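Structural overview
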Amino acid sequence: METSDKLTSLVSWILKIAVFLSIGLVTIGSIMMFIFNGADGYTISQIQSYNSKINLTSHAFSPVLIPSGLVALNPIAFISLGLWVLIFTPVTVLFSSLVDYIYTKNKLYVILTFIVLFNLFTAILIIPAFVKL
Amino acid sequence: MIDVGSLSEFLLIIFGGIIAGIIGSLTGLGGGSVLVPVLTLFYGVPIEYATGASLISTIATSAGSASTYTKKGIANIKIGVGLEVATTLGAIVGALTFALVVHANLQWILFLLFGIVILTSIIPTVKRGKYEFPEEKPADFTSRLFQLSGKYHDDRSKRDVKYTGVRWWLGEIIMFFAGVLSGLLGIGSGALKVLGMDWAMNLPMKVTTTTSNFMIGITAATGSSIYWYEGYIQFFLAAATAIGVLIGSRIGSAILLKVSNKEIRWIFFAILTFLGIDMIFRGITKSHYYYINPLTGFSVAIGFAAILILLLFIKMKLEEKANGNF
């Protein structure tokens, strides 16, 4: 019981930090976007429009570009990082529960957590690489 | 020079997000169920971008509220993770189906399905208050194998509540469909999760709500990464809605703690009914099989919503009177 109590407080802590971090990054990125009147070579009205190039499938902002974008103070990189922090928050929760199940030798739940992580990583890494609709 | 037009649009979307967050948390259906209709019906946002933004806000609200619930130890992380096996798989199927539907230009199906899902979600959500502590059922083999027992401290009745879940397999099947709907429509599909955990697995309501809140984030994260690569996460919209819905859901849960009068919820259920019916009308119009004038659709939806909610309200009051409790 003790380890699972520790686990829940750890999970709660991770979630709280992640939400603050992510919304902070998104807010900073948005403010920058308005101050610079655009981002990534696009004007703000282009970013806002649903028909402009930046919002088309083939131009989805790749997460690989985030580090260089942050250095270049690209607002889209800040917003992207914030959104990816949000997407990855559940992954960290799963990892911390995995550690707990390994520690308590709960074999069945180690397997189940692995399956969930496998599904998540399939969605994040494998499907985008192979499925181009 | 700051682009005032874009800034006011951004702030307007944040405002819409706040409203969606408040209604979503007061009704227990989650921000997405309100956000997608608000964005598509009132802001003219194409449904593919509204769904993408909604998934992102769903993760934000889930993480935001789950941090409070898990701290109190009510959410059962073990049961949640076990059920995520099905919801994440469902979310992948749902998000891929979504991409196929959008590529085939069949967005009207999404409108129609969305409307139907909202309307059918209202009934179980209205009724759920009744069975807070389920009648105990004898443990089956899945209860022991998947370790479905737990306990939590109930603040209101000031006692420790022990519970044992049953029929894990049935829960998994229902959760798969909850995942599909989440990936397809960008919502948390709270109503199906209630069905899966309250009804199928016989877990207490508090455990269900809090566990499902924590699960929704994982499900939505799975779906949203596919949306990202397909280009449906529009930065302008996703940034504004994530901020708005998070603020809204905070306000909503603060109201929920203060308001003891549950009658106020009926107003919000009426709004949801209206949104559901209007989404169906919009879907029919977009299908080009039949044209419904937006204004006519709007008025009919309001009328329908008022009548339906009034009938449900009267029915519940009569039942309460018959049972003698208030």
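Preceding this section is the structure that the text describes.
Presented here is a report on the structure given in the accompanying data block. Every chain's residues receive numbers from 1 upward, in the order its sequence appears when written. Here chains are named by letter from A upward and ligands by number from 1 upward, in the order in which they appear as written. Totals for whole chains, interfaces and linings use every residue, but because this is a predicted model, local features are given only for residues with pLDDT of at least 70 and side-chain atom pairs only at 80 or more, for both listing and counting. By convention in this description, side-chain values take in all heavy atoms of the structure and omit both hydrogens and water.

On to the overall build of chain B, then. Helix and strand labels come from DSSP, where a helix needs a run of H or I of at least four residues and a strand needs a run of E of at least two; each type is numbered from the N terminus. Helix and strand counts for chain B come out as twelve helices and two strands. Helices (α) and strands (β) of chain B occur, in sequence order from the N terminus, as α-α-α-α-α-α-β-β-α-α-α-α-α-α. The rule is simple: take the accessible area with a 1.4 Å probe, protein chains only, and divide by the maximum for that residue type; under 20% is buried, over 50% is exposed, in between is partly exposed. A buried classification covers 58% of the 326 residues belonging to chain B. Contact between two residues is taken to exist if any of their heavy atoms lie within 4.5 Å; hydrogens are not considered. Considering only contacts within chain B whose residues lie at least 6 apart along the sequence, 79% involve residues at least 24 apart.

On to the overall build of chain A, then. Broken down by element type, chain A carries five helices and two strands. Mapped from its N terminus to its C terminus, chain A presents α and β elements in the order α-β-β-α-α-α-α. Of all 133 residues assigned to chain A, the portion counted as buried reaches 50%. Of the contacts made within chain A by residues no fewer than 6 positions apart, 55% connect residues no fewer than 24 positions apart. Note on areas: Shrake-Rupley, 1.4 Å probe, and residue coverage restricted to the protein chains presented here. When the accessible surface of chain A is summed, it comes to about 6,700 Å², and 74% of that surface belongs to carbon and sulfur atoms.

What follows concerns the pairing of strand E1 (residues 149–154) of chain B. Residues and elements named next belong to chain B. Residues Gly 150, Tyr 152 and Asp 154 line the buried face of E1, whereas the alternating positions Ser 149, Lys 151 and His 153 sit on a face that is not buried. Pairing geometry for E1 and strand E2 (residues 159–164), over six bridges, is antiparallel. For Tyr 152, the partnering residue across the bridge sits in E2 and is Val 161. When DSSP finds at least two bridges between two strands, those strands are taken to pair.

What follows deals with the environment of Phe 111 of chain B. Residues and elements named next belong to chain B. Tracing the backbone shows Phe 111 in helix H5 (residues 107–127). Take Phe 111: its relative accessible area is 3%, and that puts it in the buried class. Sequence separation between Phe 111 and Phe 281 is 170 residues; the distance between their C-alpha atoms is 8.4 Å. Phe 111 has contacts with Thr 40, Ile 47, Met 279, Ile 280, Arg 282, Gly 283 and Lys 286, leaving out every residue within four places of it along the chain.

What follows is about the packing of helix H4 (residues 75–103) of chain A against helix H4 (residues 77–103) of chain B. Axes, fitted as lines to C-alpha atoms, cover a helix only where it is in contact. Angles between the N-to-C directions of the axes lie from 0 to 180 degrees. Orientation of H4 of chain A relative to H4 of chain B, taken along the N-to-C sense of each, is 110°, at an axis distance of 11 Å. Our classification of the angle between H4 of chain A and H4 of chain B gives roughly perpendicular. Pair H4 of chain A / H4 of chain B crosses with left-handed handedness. Between H4 of chain A and H4 of chain B, the contacting residues are Leu 94, Ser 97 and Tyr 101 of chain A on the first element and Ile 77, Lys 78 and Val 81 of chain B on the second. When residues are sorted by character, Ala, Val, Leu, Ile, Met, Phe, Trp, Tyr, Cys and Pro go into the nonpolar class, Asp, Glu, Lys and Arg into the charged class, and all the rest, Gly among them, into the polar class. Taken together, the residues that form the contact of H4 of chain A with H4 of chain B break down as four nonpolar, one polar and one charged. Our angle categories are set so that under 35 degrees counts as roughly parallel, over 145 as roughly antiparallel, 65 to 115 as roughly perpendicular, and the remainder as oblique. Definitions for this section: a left-handed crossing has its near helix turned counterclockwise from the far helix by less than a right angle. A right-handed crossing has that turn clockwise.

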